[in-house]
Amino acid sequence: DGGITQSPKYLFRKEGQNVTLSCEQNLNHDAMYWYRQDPGQGLRLIYYSQIVNDFQKGDIAEGYSVSREKKESFPLTVTSAQKNPTAFYLCASRDLTGNSGNTIYFGEGSWLTVV
Amino acid sequence: AQSVTQLGSHVSVSEGALVLLRCNYSSSVPPYLFWYVQYPNQGLQLLLKYTSAATLVKGINGFEAEFKKSETSFHLTKPSAHMSDAAEYFCAVSGSGGYNKLIFGAGTRLAVHP
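Residues numbered from 1 in each chain as written. Chains lettered and ligands numbered in written order. Predicted model: local features only at pLDDT ≥ 70, side-chain atom pairs only at ≥ 80, totals over all residues. Heavy atoms only, no water.

**Some thoughts on the state of the cysteines**
The line we're drawing: By convention in this document, the label disulfide applies to cysteine sulfur atom pairs within 2.5 Å. Only DSSP runs of H or I reaching four residues or more are called helices, and only runs of E reaching two or more are called strands; each is numbered from the N terminus. For every residue, the accessible area obtained with a 1.4 Å probe (protein chains only) is divided by the maximum for its type, and the residue is called buried under 20%, exposed over 50%, and partly exposed between those limits.
Taken as a whole and judged by the stated rule, the model has two disulfides over all chains. Each sulfur of the disulfide joining C23 of chain A and C91 of chain A lies 1.8 Å from the other. Because the sign of the S-S torsion sets the handedness, a value of about -75° for the bond joining C23 of chain A and C91 of chain A places this disulfide among the left-handed ones. Taken together, the residues span a long stretch of sequence, with C23 of chain A in strand β3 (residues 19-25) and C91 of chain A in strand β9 (residues 87-94) at a distance of 68 residues. Residue C23 of chain B pairs covalently with C91 of chain B via a disulfide, S to S 2.0 Å. Of note, the bridge from C23 of chain B to C91 of chain B carries an S-S torsion of about -65° and is left-handed in sense. Here C23 of chain B, found in strand β3 (residues 19-26), pairs with C91 of chain B, found in strand β9 (residues 87-95); they are 68 residues apart in sequence, far enough to count as distant. C91 of chain B shares its class with C23 of chain B; the two are buried.

Now the structure itself:
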């Protein structure tokens, strides 16, 4: 089945450590996104990429990094510089050709907890 | 610039009652509008979308929404609530071009009681 796969579902990190969240899609979408979700704050955009080897900062990029070496993959690294990383992280992708009406499709999310 | 305001962070209805979740948007370009639903510990699932065709949009699970340009609104409704509708609902806006970002509202948590 086509879709977006995020892993791991749950991740615990010690303070001061970097951690990488994986996101893979087989929808052949050009654009990919990372959102952070905190209770009562909706979704906030961390980074997005519209083409391989290019990405842009979103609204809360500080303390995060990404790469886009392949069309289907957009991993997110939460660095030790991120002061409050405990949150639910959602990866998404979008067909930029307009065939799906600009709909963004989401993965199942990853819970990151700093201990 | 674009923004979304969802009125009411929590809405509670009885099973069988009308569901009305409010969304107002601001957009300097013709908008695309979306409603997503999120169940606990899961990603977001598209309920319906408005992309400049019919102003009354029907989605999955019996939900529908009406685009009202004069009121800059895109409220979500369902005639009869079911227990399984309890979830968080997000309204989102985007420009019509594919390179526009999707901006989300803060969400409305819907509770359905017997």
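**Considerations on the nonpolar core**
Residues and elements named next belong to chain B. Formally: Definition used in this section: a nonpolar core is a set of buried Ala, Val, Leu, Ile, Met, Phe, Trp, Tyr and Cys residues joined via side-chain atoms within 4.5 Å. Only heavy atoms matter for contacts: two residues are in contact if any of them lie within 4.5 Å across the pair.
If you look at the biggest cluster of nonpolar residues, it comprises 26 residues, and the most contacted ones within it are W35, L48, F74, L76 and Y89. For this core, the secondary-structure elements that each account for two or more residues are β2 (10-14), β3, β4 (31-38), β5 (44-50), β7 (64-68), β8 (73-78), β9 and β11 (108-113). Filtering out sequence-adjacent residues up to four positions away, L48 remains in contact with L33, F34, W35, V57, K58, G59, F63, E64, A65, F74 and L76.

**Focus on the pattern of salt bridges**
Residue and element names in this part refer to chain A. Inclusion rule: A carboxyl oxygen of Asp or Glu within 4 Å of a side-chain nitrogen of Lys or Arg is what we treat as a salt bridge.
Enumeration according to the criterion identifies six salt bridges over all chains in this entry. For D38, the salt bridge goes to R36, with nearest N and O atoms at 2.8 Å. For D38, a relative accessible area of 10% translates into the label buried. On the basis of relative accessibility, which here comes to 3%, the residue R36 falls in the buried class.

**Comments concerning the packing of aromatic side chains**
Which entries qualify depends on this criterion: Two rings from Phe, Tyr or Trp (for Trp, the six-membered ring) form a pair when their centres sit within 6.5 Å of each other. Planes less than 30 degrees apart are called stacked, planes more than 60 degrees apart edge-to-face, and all others tilted. Only when the NZ of Lys or the CZ of Arg is both within 6 Å of the ring centre and within 35 degrees of the ring normal is a charge said to sit over the ring.
Throughout the structure, instances matching the rule amount to 16 aromatic pairs over all chains. Ring geometry for Y35 of chain A versus F104 of chain B: centroids 5.4 Å apart, planes at 85°, classification edge-to-face. With Y35 of chain A in strand β4 (residues 31-37) and F104 of chain B in strand β10 (residues 103-104), this residue pair bridges two chains. For Y35 of chain A, a relative accessible area of 1% corresponds to the buried category. For F104 of chain B, a relative accessible area of 9% corresponds to the buried category. Between R68 of chain A and the ring centre of F74 of chain A, over which it is positioned, the NZ or CZ distance is 6.0 Å.

**Digging into the pairing of β7 of chain B**
Residues and elements named next belong to chain B. Using the following cut-off: Strand pairing is defined by DSSP finding a minimum of two bridges between the two strands.
Where burial is concerned, the two faces of β7 differ: the one with A65 and F67 is buried and the one with E64, E66 and K68 is not. Here three bridges tie strand β6 (residues 56-58) to β7, and the two strands are oriented antiparallel to one another. Along β7, the bridge assignment pairs L56 with E66. The antiparallel hairpin formed by β6 and β7 contains five residues in its connecting segment, where N61 sits at a positive phi of about 60°. Bridge count between β7 and β8: five bridges; the pairing is antiparallel. Across the sheet, residue K68 finds its bridge partner in β8, namely S73. Taking the residues between adjacent antiparallel strands as the criterion, β7 and β8 are bridged by four residues, where T72 takes a positive phi near 45°.

**Section: the sheet that holds β8 of chain B**
Residue and element names in this part refer to chain B. Put simply, the test is: What counts as an axis is a line fitted to C-alpha atoms, over the stretch in contact for a helix, and the angles between N-to-C directions run from 0 to 180 degrees.
Strand order in this open sheet of five strands is β1-β3-β8-β7-β6, and the pairing throughout is antiparallel. Of all the strands in the sheet, just β1 (3-7) and β6 have a single pairing partner and so form its edges. On average, each strand axis in the sheet is tilted by 20° relative to the strand beside it, whichever way the strands run.

**With respect to the interface of chain B and chain A**
Spelled out, the test is: Polar contacts, as used here, are pairs of N or O atoms within 3.5 Å; protein pairs need one atom able to donate a hydrogen and one able to accept it. Residues neighboring in sequence count only if both atoms are side-chain atoms. The nonpolar class holds Ala, Val, Leu, Ile, Met, Phe, Trp, Tyr, Cys and Pro. Asp, Glu, Lys and Arg form the charged class, and all remaining residues, Gly among them, are polar.
At the junction of the two partners, chain B supplies 24 residues and chain A supplies 25 residues. Across the chain B-chain A interface, the total number found is zero salt bridges. Remark: the boundary between chain B and chain A carries eight residue pairs in polar contact (both at pLDDT 80 or more). For the side of chain B that touches chain A, the secondary structure elements donating two or more residues are β4, β5 and β9 of chain B. With four residues, β4 of chain B is the single largest residue contributor to the side of chain B that touches chain A. Within the side of chain B that touches chain A, the residues separate by chemical class into 10 nonpolar, 12 polar and two charged.

Read these as spatial facts, not as claims about activity.
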